[in-house]
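Chain and residue survey
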Amino acid sequence: MPTVHYAPDGITLDAPEGQTLLAAALAAGVPHIRACGGNSRCSTCRVVVLEGLEHVDPRNEREQSLAEWFGLPPSVRMACQTTVRGPVRVRRLALDQEDVQIISRLRAGKTAALGAKLPVVVLVADIRGFTAFSEALQPYDVIYVLNRYFEAMGRVVAAEGGFINNYMGDGLTALFGADGQPEAPLRAVRAALGMFEAVKQLEPYLVTSHGRAFDIGIGMHLDEVVVGPAGASDTKLVAAMGGAVDFACRVEATNAEVGSRLLVSEPVYRAVADKVSVGRTARIAAKRGPAEHALHEITALR
């Protein structure tokens, strides 16, 4: 008879043939949450298979439908629909009512609902001299200009299959590749060049309304990052966590030193080298040790 070890409960139980993980857990006294009563109408009974995924039976039609809706990876299963044929180790993902509320707000989107580690291009854009620009404006005008700028940037980014996942004052970060679509570096570069064009188109409005305009600098880096929805209630955004985000910020900041507008890291450059025209190169020190990282200025698509 297959055995199931439940973490973090530390309970090992038997799962008779044909009995679901949820039924076996409840019979053994594991406090398993099931908001819909175990009828495959929610996802609060979901578990992540830590060990023995090869011993888990394939998803049935009802579970497959929910998995596609929520964008669940293969290791995350609905306990109310899942049966096993060998030893497995699983962990409940909803431990209390707060977990239930969070899970109920998650929806299928650009990334796996529970988070995933993915190769992603992180694009960081920053308005140059915005502090000086904004000091001459009324507070309302500052916010209005920022929103008009962000709206324009969002359209360009979305047109290339990316999405803005964070705003930092007058800066933003956007992700490409979190949806699993190919050619993320090339799409990110196209978006960056399109963002420059959108800022240029915004210039007449800024000059007419406020007597001045601004430019932007962009930096990019390609690496594996942890992405997934994070935040409170309706303010939830897709968070990107890892050194790649910090490094992309450093790449962008180097534009001011080099006199460039678009700098990319070596991994991004290698992915698009045969499709772009390049200008200057720069190097920035690694955070640890004497090594340096090469950066490349991209000026246009070939």
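You'll find the structure just up there.
Sequence order sets the numbering: in each chain, residues are counted from 1 along the sequence as written. It should be noted that, the model being predicted, local features are given only for residues of pLDDT at least 70 and side-chain atom pairs only at 80 or more, the latter also being counted only at that level, while totals for whole chains, interfaces and linings use all residues. By convention in this description, side-chain values take in all heavy atoms of the structure and omit both hydrogens and water.

What to know about the state of the cysteines
Disulfides are covalent bonds that link the sulfur atoms of two cysteine residues. Filter applied, for reference: The disulfide criterion used throughout: a pair of cysteine sulfur atoms within 2.5 Å. Burial classification: accessible surface area is computed with a 1.4 Å probe over protein chains only, and a residue below 20% of its type maximum counts as buried, one above 50% as exposed, and the rest as partly exposed.
Counted under the stated rule, the structure contains zero disulfides. Lacking any disulfide linkage, Cys 45 is separated from the closest cysteine sulfur, that of Cys 80, by 3.8 Å. Assessed through its relative accessible area of 8%, Cys 80 is described here as buried.

Overview of the nonpolar core
Quick note on the threshold: Residues enter a nonpolar core if they are buried and are Ala, Val, Leu, Ile, Met, Phe, Trp, Tyr or Cys, with the set joined through side-chain atoms within 4.5 Å. Secondary structure elements follow DSSP: runs of H or I no shorter than four residues count as helices, runs of E no shorter than two count as strands, and numbering proceeds from the N terminus. Whether two residues are in contact is decided by their heavy atoms, any of which lying within 4.5 Å being enough.
The biggest cluster of nonpolar side chains holds 42 residues, and the ones touching the most others in it are Leu 123, Tyr 149, Met 153, Leu 172, Met 195, Ile 218 and Met 220. With twelve residues, the single largest contributor to this core is helix α6 (residues 184-210). Excluding its chain neighbours within four sequence positions, the residues that come into contact with Ile 218 are Leu 123, Val 124, Ala 125, Ala 192, Met 195, Phe 196, Glu 252, Asn 255, Arg 261, Leu 262 and Leu 263. Within the second largest apolar cluster, 26 residues are counted, among which are Val 49, Leu 66, Phe 70 and Ala 79.

Let's talk about the side chain of His 210
The residue His 210 is located in helix α6 in this model. If sequence neighbours within four positions are ignored, His 210 has contacts with Leu 137, Asp 141, Val 145 and Tyr 205.

As for the sheet that holds strand β2 (residues 11-14)
Quick note on the threshold: DSSP calls a pair of strands paired once it identifies at least 2 bridges connecting them. Lines fitted to C-alpha atoms define the axes here, with helix axes fitted over just the stretch in contact, and angles between the N-to-C directions of these axes take values from 0 to 180 degrees.
An order of β2-β1-β5-β3-β4 is seen for the five strands of this open sheet, with the pairing classed as mixed. With partners counted over all chains shown, the strands left at the sheet margins are β2 and β4 (76-78), one partner each. Taken over all neighbouring pairs, the strand axes of this sheet differ in orientation by 35 degrees on average, direction set aside.

Observations regarding the pattern of salt bridges
Heads up, the condition is: In what follows, salt bridge is the name for a side-chain nitrogen of Lys or Arg lying within 4 Å of a carboxyl oxygen of Asp or Glu.
A complete count under the given rule lists ten salt bridges for this structure. Across the pair Glu 63 and Arg 59 runs a salt bridge, and its minimum N-O distance is 3.8 Å. What makes Glu 63 buried here is its relative accessible area of 0%. We classify Arg 59 as partly exposed; its relative accessible area is 22%. Here the residues in one salt-bridge network are Arg 59, Glu 63 and Arg 77, joined through shared partners.

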